[in-house]
Amino acid sequence: MQVKTDIIIEARSGSKRLPNKHFLKIKRKYMIELLLERLKKVKNINDIIIATTKKKEDKKFEIISEKHKVLLFRGSENNVFNRVLRAAEKHRSKIICRVTGDCPLIDPKLIDELIVKFKKKRKIVYASNDFGLPNGMACEIFYLSSLKKCEKFKLNSNDKEHVTLFLRRNSNKFPNYKVIPKKNNFFPNLDITLDEK
């Protein structure tokens, strides 16, 4: 029986460096649409969920989710940990593949590769491919049950902002695994995130 594996995208309009960045356009398409088109090519997932905030300005993500037939969750603006956790609970995700909304050029093949490796490693509860890849290509994968366990600890403001920080910081409790890219994909100094104009 397949374990429900979902991509959860964190996205909001209130970026300080580049406000409303998900709705900037390239050839009549919003950046968030380019990201969704790429994520729909990932083979080893069940659903794509946009996790945005309850702020009025983020209502436009509802239109995008309906247009592209993906799921939506609206939650806390500042407690991103809670937003991702509640999005997964609402849509019954068991395994979460976390992608940030400012990565419109992410490679679906790299995501599939990470999912396959994660599922093969039985004792691992968290994995990422963020070592050596260009910034904007990485993603993380972990169990919803692990996130629920983190919630029982006293999380600081950084833990709440950076969803998996507590998981990564406590690898003795939550066994971690890093996927190291092949040499031809090794560009640690290249930044292709949607971060500033």
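The structure displayed is predicted, hence computed values, not measured ones.

Before we move on, could you go through the packing of helix α1 (residues 31-39) against helix α2 (residues 60-67) and cite the residues and values that matter?
The geometry of α1 relative to α2 is characterised by a closest axis approach of 11 Å and an angle of 35° between their N-to-C directions. In this structure, α1 crosses over α2, and the sense of that crossing is right-handed. Mapping the contact onto sequence places I32, E33 and L36 in α1 and F61, I64 and K67 in α2. Of the residues belonging to the contact of α1 with α2, the class tally is 4 nonpolar, no polar and 2 charged.

I'd like a description of α1, backed by residues and values.
Among the 9 residues of α1, 7 are classified as buried, and the element is accordingly described as predominantly covered. Along α1, the positions that sit buried rather than exposed are M31, I32, E33, L34, L35, L36 and L39.

Go over the nonpolar core, please, and point to the residues and values.
The biggest cluster of nonpolar side chains holds 30 residues, and the ones touching the most others in it are I7, I9, L39, I50 and I111. Ranked by size, the runner-up nonpolar core spans 22 residues in total, among them I49, A88, C150 and F174.

Before we move on, can you summarise the environment of D159 with the specific residues and values?
Relative to the helices and strands, D159 is located in helix α6 (residues 157-161). The spacing of D159 and E113 is 46 residues in sequence and 27 Å in space, taken between C-alpha atoms. Not counting chain neighbours up to four residues away, the residues in contact with D159 comprise F81, L165, F166 and R169. A distance of 2.7 Å separates the side chain of D159 from the side chain of R169, its partner in a polar contact.

Report on helix α3 (residues 80-90), specifying residues and quantitative values.
Those residues of α3 that fall on the buried side of the exposure criterion are V80, F81, R83, V84, L85, A87 and A88. Elements that come into contact with the buried residues of α3 comprise β1 (5-10), β4 (47-53), β5 (71-75), β6 (95-100), α5 (144-151) and α6. Just downstream of α3, R92 is the residue with a positive phi angle, here 60°.

Describe the pairing of strand β8 (residues 140-143), with residues and values.
Sheet topology note: the β6/β8 ladder contains 4 bridges and is antiparallel. Bridge assignment links I96 to a residue of β8, and that residue is F142. The pairing of strand β7 (residues 126-128) with β8 spans 3 bridges and is antiparallel. Paired with S128 across the bridge in β8 is E140.

Kindly report on the sheet that holds strand β9 (residues 176-178), identifying the contributing residues and their values.
Within the open sheet, the 7 strands sit side by side as β5-β4-β1-β6-β8-β7-β9. Their pairing is mixed. In this open sheet, the two strands that pair with only one neighbour each are β5 and β9. Mean inter-strand twist for the sheet, computed between neighbouring axes without regard to direction, equals 20°. Of the pairings in the sheet, the one linking β1 to β6 comprises 6 bridges and is parallel in character. Paired with I8 across the two strands is R98, which belongs to β6.

What counts, and where the lines are drawn
Residue positions are given per chain, counting from 1 as you read along its sequence in written order. Where local features are concerned, this predicted model is filtered to residues with pLDDT of at least 70; where side-chain atom pairs are given and counted, the filter is 80 or more; whole-chain, interface and lining totals use all residues. Side-chain numbers come from the whole structure's heavy atoms, not from hydrogens or water. For helices, the axis comes from a line fit to the C-alpha atoms of the stretch in contact; other axes are also lines fit to C-alpha atoms, and the angle between any two N-to-C directions lies between 0 and 180 degrees. Starting at the N terminus, helices and strands are each numbered in turn, a helix being any DSSP run of H or I of at least four residues and a strand any DSSP run of E of at least two. What makes a crossing left-handed is the near helix being turned counterclockwise from the far one by less than a right angle; a clockwise turn instead makes it right-handed. Only heavy atoms enter the contact rule, under which two residues are in contact if any of them lie within 4.5 Å. Think of it as three bins: nonpolar holds Ala, Val, Leu, Ile, Met, Phe, Trp, Tyr, Cys and Pro, charged holds Asp, Glu, Lys and Arg, and polar takes everything else, Gly as well. Burial classification: accessible surface area is computed with a 1.4 Å probe over protein chains only, and a residue below 20% of its type maximum counts as buried, one above 50% as exposed, and the rest as partly exposed. Throughout this description, the term nonpolar core refers to a set of buried Ala, Val, Leu, Ile, Met, Phe, Trp, Tyr and Cys residues connected via side-chain atoms within 4.5 Å. Under the rule applied, a polar contact is a pair of N or O atoms within 3.5 Å (in protein, one hydrogen donor and one hydrogen acceptor; residues adjacent in sequence only if both atoms are side-chain atoms). Two strands pair if DSSP finds at least two bridges between them.

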